[in-house]
Amino acid sequence: MPITVLMKWRILLLSMVGIFLWNNALAQQEKITISGTVADPDGNPVIGANIVIAGTTTGTMTNFDGKFKLGVPVNSRIIVTSIGYEEKTINVGTSTEFDIVLREAQEQLNEVVIIGYGTQKKADLTGAVASVDAEVIAERKTPQLSQALQGSIPGVTVTRSSGEPGSTGDILIRGQTTLNNSTPLVMIDGAPGAIDDVDPEDVQSLTVLKDAASAAIYGSRAAAGVIIITTKRAKVGELSVTYNGDVGIQRPTTLPEMVDVQDYYRMQNEYKENDGLAPLWSDYYINNYKDNSVVNPDLYPNTDWQNELLKKNAIQQRHNFSIAGGNDVVRSKMSFGYSAQEGLIPNFNWERYTLQLNNNIKINRKLKGALDMYLRQSNKEQPNEGHHSNSFYAGARSLPAFYPAYWSDGTFANGKDGNNPVAFVNKGGYKDNQTNFARFRARLDFQPIKDLTISAQVAPKFNFNNSKNMLRVIDYYDMEGNWIGNTGKSQDKLTESRNESFSINQQYTITYNKRINNHNFSALAGYESNYYREKTLEAERIGYVLPDYDELNAGNVDMWSNKGGQSENALSSVFARVSYNYKNKYYIQSNIRYDGSSRFHPDHRWGFFPSVSGGWNISNEDFLMNVDWLSNLKVRGSWGRLGNQRVGNYAYTANMSRSNSYVYAGGVVVPLTSYAQQDMAIENITWETTEGYDIGFDAAFLDDRLNVNFDWYYKRTYDILLKLDIPLYLGYANPPLQNAGIVDNQGWEVTVNWRDIINDDLSYSIGFNLSDNKNTVVDMKGANQLGNQVTMEGQEYKAWYGYENLGYFGDDHADHAKLTGQEMPGDIRYKKQPGGESEMINAEEDRVVIGSSLPRYTFGANFGVNYKNIDFGLILQGVGKTDVMLSTSQVQPFSGSFRNYPSYIVGNYWTPENTDADYPRLSDQGAKSNYAKSDFWLVNGAYLRIKNITLGYTLPRSLLKKVGVKKFRIYASVNDLWSFNHMPKGWDPEISSTDYPLLTTYMTGISLKF
């Protein structure tokens, strides 16, 4: 039907009404002004974050304080974004104030990793490189950084030999690389150092270069791997004050229970009777001993030596205070740290003060610099162990309970023949050590043109170590006050020593980075020099009339000695690196380094260390671009050659050794000093060389929530310096060092991490790492090192060496080969190895490799969950396979005919009625055979340890904002809580029977940020 004029007017009128109503509705939508702050999880402002009204392009950005202001419609939504953080959508409603916290993005490929003399995106790595961030290290709550790495990184093994105050961990990267020094190189902010030179709270990142390709840029210092540490620095626009601290108590993880006095006497009688001797103690005396001890403890001592020596608890505390701030021109961060640990024994304490100052300066748009300073003082005081060859702990456990520590009047008794560890730690003198250390770094970076940077760095270090050891005579008196002797040291002795060292590292580099379309180039060239000098001085005097005046000049002027020395070494190097990738798919990198070391003869001191590595990022190929569940998949491989020059300063020279003697000439005693060459010099000794291969892959799935890394490696170290025998007629006392040995290491590593954010209130993470290393000594030119642990061709480093056991002798003992010829039923029987000439068991023919002392299948696991303001973390660590040789103090009653032993042996030794016992019969005649090193005394050393548990609570930001606080977190934490192992009751699998026990630490602390 045709549209009439009237209908047109009706349509126009209706349209005008609709437009009017729409505009009126829009006018009725009220607008409000919102404001607030955008911060990261630590409370730091996020500068330049974008806040946009959803569905529009209207928005604003945060300022240097993270603040913003924006007009928005009521009930609208805003979207907050910033590079490196996850996008966040917020419903405005009618609220006008917002405190917004952005989570860091889970995508990890753009993460920057510190490598040798530079940085690289994680996605571009082609070598075996692992990193640990600051949060992981801080959560370990350890005073020493080395201990925080245990179980954190696959292929990095940290072993502890003691839990004493100030103790550290020994680190190996991918096994025992050489038969000499296998300690990894540590670089701190680009300069060489020691891993425990850094307060764990000051660490920003820690990177481990594990394969030869990634470490080759460090050449002759990198054969055992490289650890690169960067410390925290201030950020542009940041002004913050931070305090982190905790206080805790420490207790032994476990202690053995020693046998009581009555069981000792009963077993000692049996011990004598088994050897055809009369018992020493009557049943009446034994049964009434404890009652008599209550009445007269001087005549009937009943001493718990371990309890008398060790305190129940010891205090540990850690504090770190920092202030950081700056702008685009100058940024500074200063941190002060204090750590202290008490010992479980009296007069044993350790404390450390640290001061770190990092400055960044922008001189102009082309020139910037850094000026850093680190100062540390550590003090350690402990009792002097010079009274006895055993440690205090071994000495206390070895003494039977019937030897007195004190008389009833509180004075010290003489223990056993003057051996009283409780008296030693209280009155026997002291060993005090103080170390003052200073490290400085000055750096300039000049960028004359785009993509080109010229850098220069100078980093000197100064170390001053002072020690003062006083050994005091302890006089003993009997219960009636009569002098009965002393510790065997007739006079007090004071020894003081000074050790001063200076080193300086200089680096000069040129770096060029260029991108041309799909081609990415990077080149580095540089020169580095290292110089080290050390001086030592020691003086000693014996005889002090006034023992409380413990200074050298108070000692006897006729009884003195002194000595001193000096050494130095230097290393000069040139190096280069070239990297290329095409379309972020295909990667190749090559490193070369040319080192010259003063430790070798001028004709043999230069070494060339190359490497090459490549990678293929398969996930960037077109055929995988649309696979949603795959975030990243890269395969990589590498080859490289490294060196080791830590073999002594003057091994190639003809060193002269001094000797002093006296001759009688003309009725006068004349002192003579002479020099002789005792070591044969071999001028052509040179570098130990390590050649390594690595293949691996890095994969990420499900938007980077799941990450998997795997590496397989093989490395061979050759030209290892060994002392090879020479003919005696040459006249030298000691054989020379020669390049002779070969050692292989082969292994694999895997890491799996899962991280997920359920919602704004709940997130969690799970991680696991596992690695294995198989070590083999290939060649020693016949110079096998034999003993209870052997280093010999075809076996691993320091393998256990001894007899193979065949159980106990029975009534047919006369029909089997014996070790001593005195074996009886209940003694351990050993296997006669084929090919021997003797009918007797003997060390030359019948000892074989019986076990491994090196850890295998080392692992770590972690679990963390955050729910609103509550956080929980659990860390596990352990070893899947190793062998531990039990010592005589753990298994042998009456060692030396008197020593004490653990209570678990009571009722568990062989008798005719108990032939399935865990321990052989009690006998002095059988002891030489029974307690010889054999696989009978090897136990499975695998263990799983609860390394850390932490529970924390962070106060709400809305509450803190009112008092000007950005963050306040309180937490409770425990380290080394429990271990599941196969050791006899009371012994920790990481610690030997004679060492200071490992400790469980219970802590509570706070983290505060303004």
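Definitions and cut-offs
Residues numbered from 1 in each chain as written. Predicted model: local features only at pLDDT ≥ 70, side-chain atom pairs only at ≥ 80, totals over all residues. Heavy atoms only, no water. UniProt positions renumbered as here; feature names shortened; annotations may be inferred. Helix = DSSP H or I, 4+ residues; strand = E, 2+ residues; numbered from the N terminus. Salt bridge = Lys/Arg side-chain N within 4 Å of Asp/Glu carboxyl O. Buried < 20%, exposed > 50% of the residue type's maximum accessible area, 1.4 Å probe, protein only. Pairing = 2+ DSSP bridges. Axes fitted to C-alpha atoms, helices over the stretch in contact; angles between N-to-C directions. Core = buried A, V, L, I, M, F, W, Y, C linked by side-chain atoms within 4.5 Å. Contact = heavy atoms within 4.5 Å. Expected span 1.5 Å × (residues − 1). 1 Å grid on protein atoms, 1.4 Å probe; cavity = no way out; pocket = protein on both sides within 12 Å on 5 of 7 lines; lining within 4 Å. Points joined across faces, edges and corners; volume = space filled by probe spheres on them. Nonpolar A, V, L, I, M, F, W, Y, C, P; charged D, E, K, R; others polar.

Participant: Outline the UniProt feature "domain: TonB-dependent receptor plug" (unreviewed entry) in the protein chain, supporting the account with residue identities and numerical values.
Facilitator: UniProt records the feature "domain: TonB-dependent receptor plug" (unreviewed entry) at residues 122-226, using the numbering of this structure. Taken as a whole, residues 122-226 contains 13% helix and 27% strand, while its terminal C-alpha atoms sit 17 Å from one another.

Participant: Before we move on, can you summarise the pattern of salt bridges with the specific residues and values?
Facilitator: In the structure shown here, the tally under the stated rule is 45 salt bridges. Lys-141 serves as the salt-bridge partner of Glu-139, at 3.9 Å between the closest nitrogen and oxygen. When its relative accessible area of 26% is taken as the criterion, Glu-139 is described as partly exposed. One salt bridge in this structure joins Glu-845 and Lys-832, with 3.0 Å as the shortest N-O distance. Of this pair, Glu-845 sits in helix H11 (residues 843-846) while Lys-832 sits in the loop between strand E41 (828-830) and H11, and the two are 13 residues apart along the sequence. For Glu-845, a relative accessible area of 27% puts it in the partly exposed group. Sharing partners across several salt bridges, the network here consists of Arg-174, Lys-210, Arg-636, Asp-694, Asp-698, Asp-711 and Glu-749.

Participant: Now, about the sheet that holds strand E5 (residues 77-81): what can you tell me, with residues and values included?
Facilitator: Pairing within the open sheet is antiparallel, and its 4 strands lie in the order E3-E2-E5-E6. Looking at the sheet topology across the chains shown, the edges are occupied by strand E3 (59-61) and strand E6 (88-91). Taken over all neighbouring pairs, the strand axes of this sheet differ in orientation by 20° on average, direction set aside. Of the strand pairs in this sheet, strand E2 (residues 50-53) and E3 are connected by 3 bridges, and their pairing is antiparallel. Its bridge partner lying in E3, Ile-51 is registered against Thr-60.

Participant: Now, about the sheet that holds strand E1 (residues 31-39): what can you tell me, with residues and values included?
Facilitator: In space, the 3 strands of this open sheet follow the order E4-E1-E7, with mixed pairing throughout. Among the strands making up the open sheet, the edge pair consists of strand E4 (67-73) and strand E7 (97-101). If you compare each strand with its neighbour and ignore which way they point, the axes differ by 30° on average. Pairing geometry for E1 and E4, over 7 bridges, is antiparallel. Its bridge partner being in E4, Ile-34 is matched across the sheet by Leu-70.

Participant: Let's hear about the nonpolar core: which residues, and what values?
Facilitator: Nonpolar side chains tend to gather and get buried jointly when the protein is soluble and globular. Grouped together as the largest cluster of nonpolar side chains are 62 residues, with contacts concentrated most on Tyr-264, Leu-309, Ile-345, Tyr-393 and Trp-937. Those elements giving two or more residues to this core turn out to be helix H5 (261-273), helix H8 (305-309), helix H9 (392-398), helix H10 (421-427), E41, strand E45 (883-885) and strand E46 (938-940). The element contributing the most residues to this core is H5, with 5 residues. Residues within four places of Tyr-264 in sequence aside, it is in contact with Val-259, Pro-400, Phe-402, Phe-894, Phe-898, Arg-899, Asn-900 and Tyr-901. By size, the runner-up hydrophobic cluster in this structure holds 20 residues, among which are Leu-149, Val-156, Ile-227 and Ile-229.

Participant: How would you summarise H5 if you had to cite specific residues and measurements?
Facilitator: Taking 1.5 Å of rise per residue, the 13 residues of H5 would be expected to cover 18 Å, and the 18 Å separating its terminal C-alpha atoms lies within 8% of that figure. Within H5, burial applies to Val-261, Gln-262, Tyr-264, Tyr-265, Met-267, Gln-268, Asn-269 and Tyr-271.

Participant: Help me get a handle on empty space enclosed by the protein, residues and values and all.
Facilitator: If you walk through the whole model with that rule in mind, you get 10 cavities of 30 Å³ or more. Of the voids in this model, the largest cavity is the one considered here, and its volume is about 200 Å³. Lining the largest cavity are 19 residues, with Gln-147, Arg-160, Gln-250, Asp-976 and Thr-1001 sitting closest to its centre. Classifying every residue of the lining of the largest cavity by side-chain character gives 3 nonpolar, 11 polar and 5 charged. Reported here for the second largest cavity is a volume of approximately 120 Å³. Forming the boundary of the second largest cavity are 17 residues, of which Lys-210, Asp-211, Ala-212, Gly-692 and Lys-715 lie nearest the centre. Tallied by class, the residues present in the lining of the second largest cavity amount to 9 nonpolar, 3 polar and 5 charged.

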